[in-house]
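# Per-entry structural report
These are the residues of each chain, in order.
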Amino acid sequence: METSEETLKYYLSSGGLDSIPKENFSNFDPGKQKDPKSKRLAEEMVINTFNWVKEELTPFLAIFGNTGVGKTHMCRASAYFLASYQESFIHMTNQRFITIMKDFDKHESISSNELISDLMNRKFLIFDEIGFQYDPSGWLTTTLDGILIHRFDEELPTLICGNVQPKGQILTDRLKSRMKEKTMFTVTDMWDVKDYRGSKK
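Structural notes, computed from the coordinates. Keep in mind that what you see is a predicted model, and the values were worked out from it rather than measured. (Residues numbered from 1 in each chain as written. Predicted model: local features only at pLDDT ≥ 70, side-chain atom pairs only at ≥ 80, totals over all residues. Heavy atoms only, no water.)

## Section: unusual backbone geometry
The test is simple: Strands are runs of DSSP state E lasting at least 2 residues, helices are runs of H or I lasting at least 4, and numbering of each runs from the N terminus. Burial here depends on accessible area, computed with a 1.4 Å probe over protein chains only, as a share of the maximum for the residue type. Under 20% is buried, over 50% is exposed, and the range in between is partly exposed.
Even without being glycine, E129 reaches a positive phi, approximately 65°. Tracing the backbone through its elements, the reader meets E129 in the loop between β3 (124-128) and α6 (139-154). Here E129 falls in the partly exposed class, since its relative accessible area comes to 31%. Despite not being glycine, E155 shows a phi value in the positive range, around 60°. Relative to the helices and strands, E155 resides in the loop between α6 and β4 (158-162).

Below is the structure:
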């Protein structure tokens, strides 16, 4: 795979990343996890994500777990991979989603409806930090749910990562029901994996 830096930057920019990420699949080291179970689960996470980005897994992949287990690394590595192959994708973080949806006219040159349509229909969607939000009205949760349900029904490749338990309120009953369909949805549970940043001693 040979992609010029200029081309790579273009596809990353169109997918939502401003710069070439330092994270990729080759520089994630499950060996940072000293605990054997954590190491095994970290290896499984990498395999699942790499297979997902190659469209050799279920259309939906969810990675849930605590901070410091590699979720964001997988999201950014996936974006790097897709940009390298000039695939159509969008990389979105939950905080950016909230900022745009609450105050899009001041921050973006795109309307909220255009953004929602893009998130619904872009071939690949990478959505990081799901659940990291305060949404007392429930409007953002409902909007995101509609996006994810549409992508599920259309079988569009979607990666969601976050530190929210599947039983949490941020995941609606409709989405939790669809997570039970094993031919469509792979859930990588990283809750028992330790923060690798605290595993260096």
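## Some thoughts on the state of the cysteines
The following threshold applies: When the sulfur atoms of two cysteines come within 2.5 Å, that pair is taken as a disulfide.
Evaluation of the coordinates by the stated rule reveals zero disulfides. C75 forms no disulfide, and the closest cysteine sulfur to it belongs to C161, at a distance of 3.4 Å. Given a relative accessible area of 0%, C75 falls into the buried group.

## Overview of the environment of N113
As for its position among the elements, N113 is in helix α5 (residues 112-121). Once the C-alpha coordinates of N113 and M101 are considered, the two residues, 12 residues apart in sequence, prove to be 9.3 Å apart.

## Concerning the pattern of salt bridges
Which entries qualify depends on this criterion: Definition used for salt bridges: Asp or Glu carboxyl oxygen within 4 Å of a side-chain nitrogen of Lys or Arg.
Tallying each qualifying case throughout the model produces 11 salt bridges. R122 serves as the salt-bridge partner of D118, at 2.7 Å between the closest nitrogen and oxygen. The class of D118 is partly exposed, set by a relative accessible area of 22%. Its relative accessible area of 16% is what places R122 among the buried residues. As a salt-bridge pair, K176 and D173 come within 3.7 Å of each other at their nearest N and O atoms. With K176 and D173 both in helix α7 (residues 173-178) and three residues apart, the pair spans about one turn of that helix. Residue D173 is classed as exposed on the basis of its relative accessible area, which comes to 61%. Through salt bridges with shared partners, one network takes in K22, E23 and R76.

## Here we look at the nonpolar core
Basically, it comes down to this: The nonpolar core is taken to be a set of buried Ala, Val, Leu, Ile, Met, Phe, Trp, Tyr and Cys residues, with the residues joined through side-chain atoms within 4.5 Å. Note on contacts: a residue pair qualifies if any of its non-hydrogen atoms lie within 4.5 Å across the two residues.
F64, F97 and I130 are the most contacted members of the largest nonpolar core, which totals 29 residues. Of all the secondary-structure elements, those providing two or more residues to this core are β1 (60-65), β2 (89-93), α4 (94-107), α5, β3 and α6. It is α6 that provides the largest number of residues to this core, a total of six residues. Residue contacts for F97: discarding those within four places in its chain leaves M92, L119, F127, L140, T143, L144 and I147. With 28 residues, the next largest nonpolar core counts L17, V46, A77 and F124 among its residues.

## Focus on the sheet that holds β4
Where we set the bar: In short, DSSP must find at least two bridges between two strands for them to pair. Whenever a helix is involved, its axis is fitted only over the stretch in contact; in every case the axis is a line through C-alpha atoms, and angles between N-to-C directions fall within 0 to 180 degrees.
Pairing is parallel in the open sheet, where five strands are placed in the order β2-β3-β4-β1-β5. A single partner strand is all that each edge strand has here, and the edge strands are β2 and β5 (185-190). Across the sheet, the mean angle separating the axes of adjacent strands is 10° when strand polarity is ignored. Of the pairings in the sheet, the one linking β1 to β5 comprises six bridges and is parallel in character. By the bridge assignment, F64 is partnered in β5 with D189. On the sheet, helix α2 (residues 36-53) packs against β1, β3, β4 and β5 and is oriented at approximately 155° with respect to β5.

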